[in-house]
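Here are the chains, one letter per residue:
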Amino acid sequence: MIGAGRGRGRIRAPRRLTMNLPLRQAFTKDEVDFEQTWEVLHKAFREIHARNASNLSFEELFRNAYKLVLKKKGDFLFEKVKQLEIDVLDNNVRTQVRRLATPTILITDTNDSSSIERRAAGEKFMLQLTKSFQEHATEAGMITDVLMYMDRISTSEGRKTSVYTVALALFRERVLQATANDELAVTILELLEHIILETIALERSGEMVDRPLIKASCRMLENLYESLNEQESTRLYLTSFEPKFLDASREYYRNEGKMLVQEADATTFCSTARRRLKEEEDRCQQSLSTNTEPKIKSVVEQELVSAHITDVINLPGTGVKNMLDNDKMEDLQNMYELVKRVDSRLKPLRDAVHKRILELGNEINTSANQIATEPPSKARQEKKDTESKGKDKPAPAKQLSQQTVAAINWVEEVLKLKTKYDKISERAFRSDNVMEKALEVSFQDFINENSRSPEFLSLFLDQYLKSSGKDKSEAEVDTLLDNGVTLVQYLADKDVLETYYHKHMAKRLLMGKSISRDVERQMLVKMKMRLGNQFTSKMEGLLRDVELSENLTNGYREHMTKLGEGVTHKIDFEPSILTTTVWPITIPESDRACIFPKEVELVKESFEKYYLSKHTGRKLTWLPHMGDVTMRATYEKGAKPITYEISGPTYCMVILMLFNEHERLTFSEIQQLTNIPPDKVTQTLLSIAVAPKTRLLKKEPMSRDINPTDVFSYNEKFEHSFRKFKVALVSEQSNKVETAEQRKETQKKADDERGLAIDAAVVRIMKARKTLTHQQLMTETIDIMKSRFHPDVAMIKRKIESLIEREYLERGADSANPSYNYLA
Amino acid sequence: MSNHSLLRKDQLEVSLHNEKKLIEEGVLKEDNPLDLTEDFRRLCEASRRGDLKVCQEMIQEGANINAKDQYDYTPLILASLCGHYETVQLLLESGALCERDTFQGERCLYNALNDRIRNLLLSYDYSKSTDPLQPLAAHLTSLLYRQQPRTCDLTVAAGNDKDPFELHKFILAARSPYFKKKLDTAPETTAWKLPSSIPQQSFGIALKHLYLGELPRELGGGPGTGFSDSEILAGVDRISKHLEIKNLSELILDNSDRRLARQRRQDDVQFGVSQLDAWFRNNVLYHAIEIETSKANDVKWDRVNGIFADILLRADDDEDEDEDGDIVQKLTGDTNVSTNALGIPLGTGTPSRSPSRSRSVRKSKLYPCHKAMLIRSEFFMTMFDSHFKEAQDTPHLQIIPIDCSPAVLEIILAFLYSERSDFGLDIAIDVLFASDMLFLEKLKTKAAVIISTLGNGTATGMQDQLQRDDVDLDIYEILRAAWTTRVQRLEEFAARYFAYRLEQYIDEPAFAEIVKESAGRIQARQETDTIEILDDIKYYLSERFRLRFEDTGFDEALAAEEQAQHVELQNIPNIGDFETSKKPAGVPTDEGVDMSSPPRELEHEVPPQQEVSLEHEGIIRTLDGEVAGDEFEQDAMNYQILLGKIDTLLDQLKLDA
């Protein structure tokens, strides 16, 4: 420890303010002479304002200011500096600026010569003002640097405004908000704003202006605040200039909008509006402030776009309809961009597009239905008849495809329309969700307008899934099918389509007309992706059956080879085993009792034995009317016997085989011997005894009709130009296309199925909820069914009624508020 | 190690074991090495007792603040265990570590006496406490990219000529022997060209290392840069060998272990700073010119000089020759007797200036400095970034006078160049003012810490303090300095100082003066406003006396007694009985907390107080006579007397409070 006696000096604050540099030796020891120190600073600040600072020493000035602050003279110093700034601004800066504020700037007549003069004067004024400001800001910055210590202390003591802020605020107060000229009643700020607005107006009308100069002015306004605490919102730019600018712009665009609608077409309007928007964007970036961009854009949008866009869209001749029809992508895109700006739901454009698609769609519907429903005119019928006499074969095919043509036609038209609008959506509407949805709805609307669209669609698919769609390449068919499937999702009544497709597919598979099973399967996968599992489950069942049958046949053949019986029979047997519930085939009782020829009967029995040995407990029902047979018949023509290969329906074989044992048989004898239903006998006999090319039997008397008393005998003179030929069943109706009656039947079947589905849905819902009001039950049911079809409200009511009858449900007690209870 | 989930006990043991192994292998450094030195023992002792002064002295002596004693205690654990808030704060501010997820860190937190201390510990995380060099390192790194003001004096262009490196010769010379040699031979060089065989990125990495930047995780090679990562790495290797710096590529690749990486980085920075420090000493200080003040401004330094200085700072000796001479003598004297109890440590870098100089001629000292380092102070930053004279290029180096003594300037420069801030109480106030002027908050805080700890005003464990303090400190000046430089800590310190010696000061006219000044500090004073300094003094006064009352549960008795004070104190014997019966229990013998000091200190403090009391009031004398044997009673009386005196003072000053 160091004792007191050591003679150490006290530790004490150094006498800061009596430093010993020669410069300051004049100061008395403890009192700092404020006036004198201030004089030093004052002189220096004057020099700074005279832009003559390079010889000033920062250290010296800082030290002087520091000294004053330490001696608690900070506030005096602050006031003095403020006074100095006011003096400089009043006497130097303002005078300089005022000198250029000539009254000519404000003259508003549009005389050309004076306008050029005015513009020059304005620019000169603006230049001087911005220059003054920049210089003032720099000078204030330097003074602030020197007074850094004072600012630091004052902020910690609660006075928040720095010297710099005050200096800038003074610039606003003493310069900008002073009157511009003794003769004029406007302030310098107002004058400046006036000039800027004039210049912008000039630029809008297409003249080149000095953008950097405007930018400098705007930056000045942005750096100045209305208040001392420098809040963002009190920037002079925001409080004073921007509102004026927006007002002026609003006025300008209101006029331009009116003019454009009156004089220009939609295309011009759109491109002008978009150009204007771009111009304003550029202006904000290059001469004003980026913060203004959204505001001015909204002005343009309101005044130019919102106010007129609906009119423009509907402009006759040049509006959206015209653009759509003529694929004017650019115009549409312009239009889209504009509408998008003012209405994110795009209502006007959406409506216009919707309307146009509906129009076009309905045209397609009408024309397709005309071809399909209107019975072929007499003339055409006759013409076809004569044709069919001329060349036997193609005629029926052509006649049958009458409806198919309509279907294909319809589908193709729809697809064409869709492709077109898809392209428009992609290119012009940038795949906008709202627009895509609108397109979808439009297509749905008109497709469902046509009650036959499910049938058409199924026919279309059938056509291309059959091997007969041969004039198109595989890839083409593929895309066509793809497109077909896309249309499927627009359908409201998917269950109807399901019924049709099911039926068509069953036929394709049984007749072996399908291109290949792979294609069928792919098709199903595609549908499954769009429509769900439920939709395709039945169809998959069809394919499965076909495959199983094939395996079974092979198994059977192997089995027979093993037994050694296959050789003796000489019958190549190809059964198709169909699960009853999966296949859309109604089996008339009469068709089951056919008596087969002995050889066939043998095969049948042996197969039945084989099958039942594999699957016990099943029952096989034979459907002779669905089968096909290929027979060989040998005719002795002189020395050389001719063997024909005849293929035809099973009944055809059954009847022909009779004549191996009988010379002549009457119609009723045939019917008795075979037990085939009479109408089928007639039909078969028509094709083998009447049809000119395949007259395998002789008929007595020769006529075009079959009568029960007719007698048939073997036609030994039969000739055919080909060794292999096919006996076609004569029928007046197409296999594929339904008659009105059949269609009704299909409809009824679909209705029944719908009924069942609704039943199931209602029961499911009620089982879960136990009690529901009528309204809730309806909504829920409709919700569930929507994916398959649009249920009819009346039908649901009927179904509920019947469920109540069947005691699944009971009515709630309160009759005013109908509800149902589930009965377990 | 610092994954956020809590470690299970077995995991903790495993990681402790691994850590120990690594430490034994010498890979990791022990965070808390065993330290049996006398200094450290004293530090621990002081931490235990909450003796700020000794703590500060020992820290300045260089005791390892993070070491442990033979019972595995660190000073921080001791201080937080014994509940000395200010001591904990001082230790943390001086770099004591309390890191969660380490054994010692968790122990420290767990042992904290109360939540206040615990929260204080938690608020000092790794980045705050352990890396005091970080600001300096960050500044150096920023120099690599700084455009304004321009401080670089060497341009190194890479092969492709774009983005040349703008460098500082003095940093290169300080950090790399290679550059030093090269620059020594040709100090006037202003541009180099990098051979194209060296990838620019490699050179960039090496530079970043020289400028104390963190090594990058990405090498920046790959397509488009002209070099692959491995080429860059090879380049780095070559450069580091060339520049005689550590093997950088190893450091880059071995960045995975966070603790290791951190340790390496700390070592690197430490080493770098010590290099800078050495350079500063050997060049800036070494080349400082002492000259007569009148001629100081005529000194001409060439722009091109061996130590790459670009500015001269001038400091003049104090006018008051007597005092200055005394300080110098005192300084030299102190170095000789550095082991004595006061032990004001001299910054090792402060050279003893020759005291033998003529008294009639004032001297100045000129320090050749580098703007790049000076701009760490906002003052210099603004200066060099302005349009004033100082920012302009002149054929000879500019001389900038700095308003302080050379000794203070040296401390400031040492701080700017190497973050060092060791200085004694004797110039602490000068440093406080200078750093306030130059906006060096950290140095200012440091000065305040030194004043408030070394000139300690607490009554704990200092027998001879009262006499000594009287001589050492002009507390009035310190309080005024605190007001002027707005250092709250010093205001509190002064208030406490007054409170603990109020009997000495209360009657001085200077005290009345300072109370008046304090009252005047609140502008537009209302009647209800208080006088800050008196409030503080009263607070510490109550602390000073209550400390004792609380020890013995005397609080309630005191309250009763206050009312009874002006009445005859008949029941004193009773209280005395009560006290004496309590007293043995009041002296606990807890081993961890040394409670033996307060009573001991009491005995020593009594006499002066008694004297003071005897001097003034007649009542005291009678009271003294009655209760002479009971110091508690006496304390209570003294407390009241002092409060009364304050009131009298206020009346005299016509102030309300």
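Residues numbered from 1 in each chain as written. Chains lettered and ligands numbered in written order. Predicted model: local features only at pLDDT ≥ 70, side-chain atom pairs only at ≥ 80, totals over all residues.

**Student:** Just to check I follow, could you spell out the overall build of chain A for this structure?
**Tutor:** Secondary structure summary: chain A contains 31 helices and nine strands in total. Across chain A, every contact between residues at least 6 apart in sequence was considered, and the portion connecting residues at least 24 apart equals 69%. (Helix = DSSP H or I, 4+ residues; strand = E, 2+ residues; numbered from the N terminus. Contact = placed C-beta atoms within 7 Å.)

**Student:** I tried to follow the sheet that holds strand β3 (residues 191–193) of chain B on my own but got confused; where do I start?
**Tutor:** Sheets are built from strands that pair by backbone hydrogen bonding, the pairs being arranged parallel or antiparallel. All names here are of chain B. Strands sit in the order β2-β1-β3 across an open sheet of three strands; the sheet is mixed. A strand with exactly one partner marks an edge of an open sheet, and here the two such strands are β2 (165–167) and β3. Ignoring which end each strand starts from, the neighbouring axes of this sheet average 20° apart. For strand β1 (residues 154–157) and β3, the ladder comprises three bridges, and the chain directions are parallel. Bridging from a neighbouring strand, A157 pairs with K193 of β3. (Pairing = 2+ DSSP bridges. Axes fitted to C-alpha atoms, helices over the stretch in contact; angles between N-to-C directions.)

**Student:** Explanation requested: the nonpolar core in the structure shown.
**Tutor:** Grouped burial of nonpolar side chains is what soluble globular proteins tend to show. A65(A), I143(A), I188(A), I412(B), V431(B), I451(B) and A494(B) are the most contacted members of the largest nonpolar core, which has 177 residues in total. Among the elements that make up this core, the one with the highest residue count is helix α19 (residues 406–418) of chain B (10 residues). With residues near it in sequence (within four places) discarded, I188(A) still touches V97(A), A101(A), L129(A), V175(A), L176(A), A178(A) and A180(A). F269(A), A273(A), L360(A) and A407(A) belong to the second-largest nonpolar core, a separate cluster that totals 74 residues. (Core = buried A, V, L, I, M, F, W, Y, C linked by C-beta atoms within 7 Å. Buried ≥ 20, exposed ≤ 12 C-beta atoms within 10 Å, placed from the backbone.)

**Student:** Could you clarify how one ought to interpret the UniProt feature "repeat: ANK" (unreviewed entry) in chain B in this entry?
**Tutor:** Residues and elements named next belong to chain B. In the numbering used here, UniProt assigns the feature "repeat: ANK" (unreviewed entry) to residues 38–70 and 71–96. The distance separating the terminal C-alpha atoms of residues 38–70 is 13 Å; by composition the span is 67% helix and 0% strand. Helix makes up 65% of residues 71–96 and strand 0%, and the two end C-alpha atoms of the span are 18 Å apart. (UniProt positions renumbered as here; feature names shortened; annotations may be inferred.)

**Student:** Explain the pairing of strand β1 (residues 628–637) of chain A here, please?
**Tutor:** Regular strands place their side chains on alternate faces of the sheet. Residue and element names in this part refer to chain A. Little of β1 is tucked away: zero of the 10 residues are buried. Bridge count for β1 against strand β2 (residues 640–649) is 10 bridges, and the pairing is antiparallel. Paired with T630 across the two strands is S647, which belongs to β2.

**Student:** Got a minute to help me understand α19(B) in this structure?
**Tutor:** An α-helix turns once every 3.6 residues. As a result, residues three or four positions apart point the same way. Residue and element names in this part refer to chain B. The end-to-end C-alpha distance of α19, which contains 13 residues, comes to 18 Å, matching closely the 18 Å that a straight helix rising 1.5 Å per residue would cover. Counting buried residues in α19 gives 13 out of 13 residues, a clear majority hidden from the surface. After α19 finishes, the residue E419 shows a positive phi value of roughly 65°. (Expected span 1.5 Å × (residues − 1).)

**Student:** Would you mind going over the sheet that holds strand β4 (residues 289–292) of chain B with me for this structure?
**Tutor:** All names here are of chain B. Overall, mixed pairing links the four strands, which are arranged β4-β6-β5-β7 in an open sheet. This sheet does not close on itself; its edge strands, each paired only once, are β4 and β7 (399–402). Strand-to-strand, the axes of this sheet are offset by a mean angle of 30°, without reference to chain direction. In this sheet, strand β6 (residues 363–369) lies alongside strand β5 (residues 311–316) in antiparallel orientation, the contact comprising six bridges. Note that in β6 the partner of R314 across the bridge is L366. Across the sheet, α19 touches β5, β6 and β7, and the angle it forms with β6 is around 15°.

**Student:** Got a minute to help me understand the confidence of the model for chain A in this structure?
**Tutor:** Low pLDDT means the predicted atomic positions in that stretch should not be read closely. All names here are of chain A. Per-chain confidence: chain A averages 76 in pLDDT, with 86% of residues scoring 70 or above. This stretch, residues 1–30, has a pLDDT under 50; its non-local contacts, to residues over four places away or in other chains, come to 53 contacts. Within the model, pLDDT remains below 50 along residues 376–400, and this stretch shows 13 contacts once partners closer than five positions in the same chain are excluded. (pLDDT = per-residue confidence, 0-100.)

**Student:** Is there a simple way to think about the packing of helix α4 (residues 75–82) of chain B against helix α5 (residues 85–93) of chain B in this case?
**Tutor:** The axes of two packed helices give the description: the angle between them and the distance between them. Residue and element names in this part refer to chain B. At their nearest, the axes of α4 and α5 sit 8 Å apart, and the two run at 155° to each other. In terms of orientation, α4 lies roughly antiparallel with respect to α5. Seen along the crossing, α4 lies across α5 with a hand that is left-handed. Every residue of α5 that contacts α4 at P75, L76, A79 and S80 is listed here: T87, V88 and L91. Tallied by class, residues from the contact of α4 with α5 come to five nonpolar, two polar and no charged. (Parallel < 35°, antiparallel > 145°, perpendicular 65-115°, else oblique. Left-handed = near helix turned anticlockwise from the far one by under 90°. Nonpolar A, V, L, I, M, F, W, Y, C, P; charged D, E, K, R; others polar.)

**Student:** Got a minute to help me understand the environment of M560(A) in this structure?
**Tutor:** Residues and elements named next belong to chain A. The residue M560 is located in helix α23 (residues 533–563) in this model. Residue classification places M560 among the buried residues on the basis of 20 C-beta atoms within 10 Å. Along the backbone, M560 and V603 are 43 residues apart, and their C-alpha atoms lie at a distance of 10.0 Å.

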